[in-house]
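# Chains, contacts and geometry: an overview
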Amino acid sequence: MLRSHHVYLSPVLEKDLPTLFQWINQRDLVVMGAPYKPVSESEHQEWFQAIQKRKDAFLFGVRLVESDDLIGTCQLHGIHWIHRTAELQIRIGDPESRGKGYGTEATRLLVEFGFRDLGLRRITLHVVKGNAAALRVYEKVGFVQEGVLRQAAYLDGNTVDLILMGLLREEYRES
């Protein structure tokens, strides 16, 4: 099990789908990182079935050690097995669990999984330029800004810059 002091990562289960369905349809949460589009229950079910079959993605639920409550999800996706690279995404869906360091702990666990268990050598991510909380989390874990993709996303009626961040295995071991 991937576990830290306050959170652990576990498989996403069928029983988690109602909570995930609420989060994906929560406009203010979604527009922090993606265009908002309401998702139907059948589309959500199709997504869950499809991600379980993917060979280039690992999806985890972020749960509190103390209560086993699901507070978010994180994943490594777009895994390129030859180049040993992947992209990281995380979402703390439970509003009461934000700002408490759980995202940082979960990100560290996911990075450790990627480097140690999957043998990755590089993990990247994209973050909206104005998302200061996410930038702090990623910098704490050791990610460095590699560039800015100007006007790369259209979110909430505006074009926004995306910051490309990366972390190499040897940098993570040094941090």
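Placed above this text is the structure.
Residues numbered from 1 in each chain as written. Predicted model: local features only at pLDDT ≥ 70, side-chain atom pairs only at ≥ 80, totals over all residues. Heavy atoms only, no water.

### Side note on the environment of Leu 110
- Its location among the elements puts Leu 110 in helix α4 (residues 102-117).
- Relative accessible area serves as the criterion here: at 0%, Leu 110 is assigned to the buried category.
- For Leu 110 and Tyr 8, which are 102 residues apart along the polypeptide, the C-alpha to C-alpha distance reads 9.9 Å. (Helix = DSSP H or I, 4+ residues; strand = E, 2+ residues; numbered from the N terminus. Buried < 20%, exposed > 50% of the residue type's maximum accessible area, 1.4 Å probe, protein only.)

### Structural notes on the packing of helix α1 (residues 17-24) against helix α3 (residues 41-53)
- Look at α1 against α3: their axes get within 11 Å of each other, and the N-to-C directions meet at 115°. Of the two possible hands of crossing, α1 and α3 adopt the one that is right-handed. Between α1 and α3, the residues in contact are Leu 17, Leu 20, Phe 21 and Ile 24 and Glu 41, His 44, Gln 45, Trp 47 and Phe 48, respectively.
- A per-class count over the contact of α1 with α3 returns six nonpolar, two polar and one charged. (Axes fitted to C-alpha atoms, helices over the stretch in contact; angles between N-to-C directions. Left-handed = near helix turned anticlockwise from the far one by under 90°. Contact = heavy atoms within 4.5 Å. Nonpolar A, V, L, I, M, F, W, Y, C, P; charged D, E, K, R; others polar.)

### Examining the sheet that holds strand β5 (residues 85-92)
- Pairing is mixed in the open sheet, where eight strands are placed in the order β1-β2-β3-β4-β5-β6-β8-β7. Each edge of the open sheet is held by one strand with a lone partner, namely β1 (2-3) and β7 (144-155).
- Pairing of strand β3 (residues 58-64) with strand β4 (residues 70-80) involves six bridges; the strand directions are antiparallel. Paired with Arg 63 across the strands is Leu 70, a residue of β4. (Pairing = 2+ DSSP bridges.)

### Observations concerning the packing of α4 against helix α5 (residues 132-141)
- Packing of α4 against α5 leaves a shortest axis separation of 9 Å and a crossing angle of 45°. The orientation of α4 with respect to α5, classified from their angle, is oblique. In this structure, α4 meets α5 at a crossing whose hand is right-handed. Taking contact as the criterion, the partners of Gly 103, Thr 104, Thr 107, Arg 108 and Val 111 in α4 are, on α5, Val 137, Tyr 138, Lys 140 and Val 141.
- Its residues assigned to classes, the contact of α4 with α5 shows four nonpolar, three polar and two charged. (Parallel < 35°, antiparallel > 145°, perpendicular 65-115°, else oblique.)

### Digging into the side chain of Ser 10
- Relative to the helices and strands, Ser 10 resides in strand β2 (residues 7-11).
- What makes Ser 10 buried here is its relative accessible area of 11%.
- Here the side chain of Ser 10 touches Arg 63 through a polar contact of 2.6 Å, side chain to side chain. (Polar contact = N/O pair within 3.5 Å; in protein donor to acceptor, adjacent residues only side chain to side chain.)

### Some details on the pairing of β5
- Pairing of β4 with β5, which is carried by seven bridges, proceeds in the antiparallel orientation. Each bridged residue has a counterpart across the sheet, and for His 80 the counterpart in β5 is Thr 85.
- Hairpin connection, β4 to β5: the antiparallel pair is bridged by four residues, and Arg 84 has positive phi, about 60°.
- Where β5 lies against strand β6 (residues 122-128), three bridges are found, and the strand directions are parallel. Across the sheet, residue Ala 86 finds its bridge partner in β6, namely Ile 123.
- This β-α-β element, β5 to α4 to β6, shows right-handed connectivity. (Right-handed = clockwise from strand over helix to strand, strands pointing away.)

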